[in-house]
Amino acid sequence: MKYFITGTRRGLGHALKQKYGCCESIEDCDIFINCKHDRFSQVTLLYKAAKLKKRIINISSNAGDGNKPYIPHEYSIQKAALDKANEQLFYQGVNTTSVRFGWFDSPRVAHVEENKMSMEYCVGIIEWVLEQPHRVKEITVVPDNCHGPR
């Protein structure tokens, strides 16, 4: 299997690149891991990968669940759009999964004081999704003792 992973410079994308490697383009891959948050570009890339009939893993967030005043509303809206596009394509038969993480230990959220999941654990969740014999539309995973929506 060949993987194309966005956002490989640091964080989860970097960890996934170390585990799976990364080919040069979305056209060359078997599995597309849509990891880099850059406004609505994840949604655009999701539709491109779907047209190319790729297996897709979208790295999303539970940021849009409930009232979380410490998370920018633009981020929450962008991730909610990714989840909705994932759902739409999933029910059209596309093999796409939205992995909705809570806090995990990455440079982007080093300032966050709440309990966080390890990077290795998050990579393991993605590996679990890829190993399933059936399609998985979405999975939400948050750290233990997480306060949840506020």
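Quick summary incoming for the structure in this document. What you see as residue numbers is a count from 1 along each chain, following the sequence as written. The model is predicted, so local features are restricted to residues of pLDDT at least 70 and side-chain atom pairs to those at 80 or more, both for listing and for counting; the totals for chains, interfaces and linings are taken over all residues. Each side-chain value is worked out from all heavy atoms of the structure, with water and hydrogens disregarded.

### Considerations on the packing of helix H1 (residues 11-20) against helix H4 (residues 119-131)
- Relative orientation of the contacting elements H1 and H4 amounts to 60 degrees, with a least axis distance of 10 Å. Our classification of the angle between H1 and H4 gives oblique. Between H1 and H4 the crossing geometry is right-handed. Contacts between H1 and H4 involve Gly11, Leu12, Ala15, Leu16, Lys19 and Tyr20 from the former and Met119, Cys122, Val123, Ile126, Glu127 and Leu130 from the latter.
- Each residue gets one label: Ala, Val, Leu, Ile, Met, Phe, Trp, Tyr, Cys and Pro are nonpolar, Asp, Glu, Lys and Arg are charged, and the others, such as Gly, are polar. Along the lines of polarity and charge, the residues of the contact of H1 with H4 split into nine nonpolar, one polar and two charged. A fitted line through C-alpha atoms represents every axis, and for helices the fit uses only the stretch in contact; the resulting angles, taken between N-to-C directions, go from 0 to 180 degrees. Only DSSP runs of H or I covering at least 4 residues are called helices, and only runs of E covering at least 2 are called strands; the numbering of each starts at the N terminus. Here roughly perpendicular refers to angles of 65 to 115 degrees, roughly parallel to angles under 35, roughly antiparallel to angles over 145, and oblique to all remaining angles. Two helices that cross are described as forming a left-handed crossing if the nearer one is turned anticlockwise from the farther one by less than a right angle, and a right-handed crossing if clockwise. We call two residues in contact whenever any of their non-hydrogen atoms come within 4.5 Å of each other.

### Comments concerning unusual backbone geometry
- One non-glycine residue with positive phi stands out, namely arginine 39, at about 55 degrees.
- Note on placement: arginine 39 falls in the loop between strand E2 (31-34) and helix H2 (41-51).

### A closer look at the packing of aromatic side chains
- Under the pairing criterion, centres of Phe, Tyr and Trp rings, with the six-membered ring standing for Trp, must be within 6.5 Å; the plane angle then separates stacked pairs below 30 degrees from edge-to-face pairs above 60, leaving the rest tilted. Within this structure, the stated rule accounts for three aromatic pairs.
- Geometrically, the ring pair formed by tyrosine 3 and tyrosine 20 is stacked, given 4.4 Å between the ring centres and 25 degrees between the ring planes. You can see tyrosine 3 sitting in strand E1 (residues 3-5) and its partner tyrosine 20 sitting in helix H1, a full 17 residues away along the chain.
- Considering the side-chain rings of phenylalanine 4 and phenylalanine 32, the 6.0 Å spacing of their centres and the 20 degrees angle between planes classify their relative orientation as stacked. Of this pair, phenylalanine 4 sits in strand E1 while phenylalanine 32 is found in strand E2, placing the two residues 28 residues apart along the sequence. The residues phenylalanine 4 and phenylalanine 32 share a single accessibility class, namely buried.
- Note on geometry: a ring has a charge over it if NZ (lysine) or CZ (arginine) is within 6 Å of the ring centre and within 35 degrees of the ring normal. In this structure, lysine 19 packs its charged tip against the face of tyrosine 20, placed 5.7 Å from the ring centre.
- Over the ring of phenylalanine 90 we find arginine 135, and its NZ or CZ is 3.9 Å from the ring centre. Think of it in three bands: residues with accessible area under 20% of the maximum for their type are buried, residues over 50% are exposed, and the middle band is partly exposed, with areas taken using a 1.4 Å probe on protein chains only.

### What about the sheet that holds E2?
- A sheet is described by the order of its strands in space; here five strands give the open sequence E1-E2-E3-E4-E5, paired in parallel fashion. Edge positions in the sheet fall to E1 and strand E5 (138-141), since each has one partner strand and no second. Shown here is a sheet whose adjacent strand axes are inclined to one another by a mean of 15 degrees, direction ignored.
- Here the rule is simple: two strands pair whenever DSSP picks up at least two bridges between them. The sheet contact formed by strand E4 (residues 96-101) and E5 spans four bridges and is parallel. Bridging across to E5, phenylalanine 101 finds its partner in valine 141.

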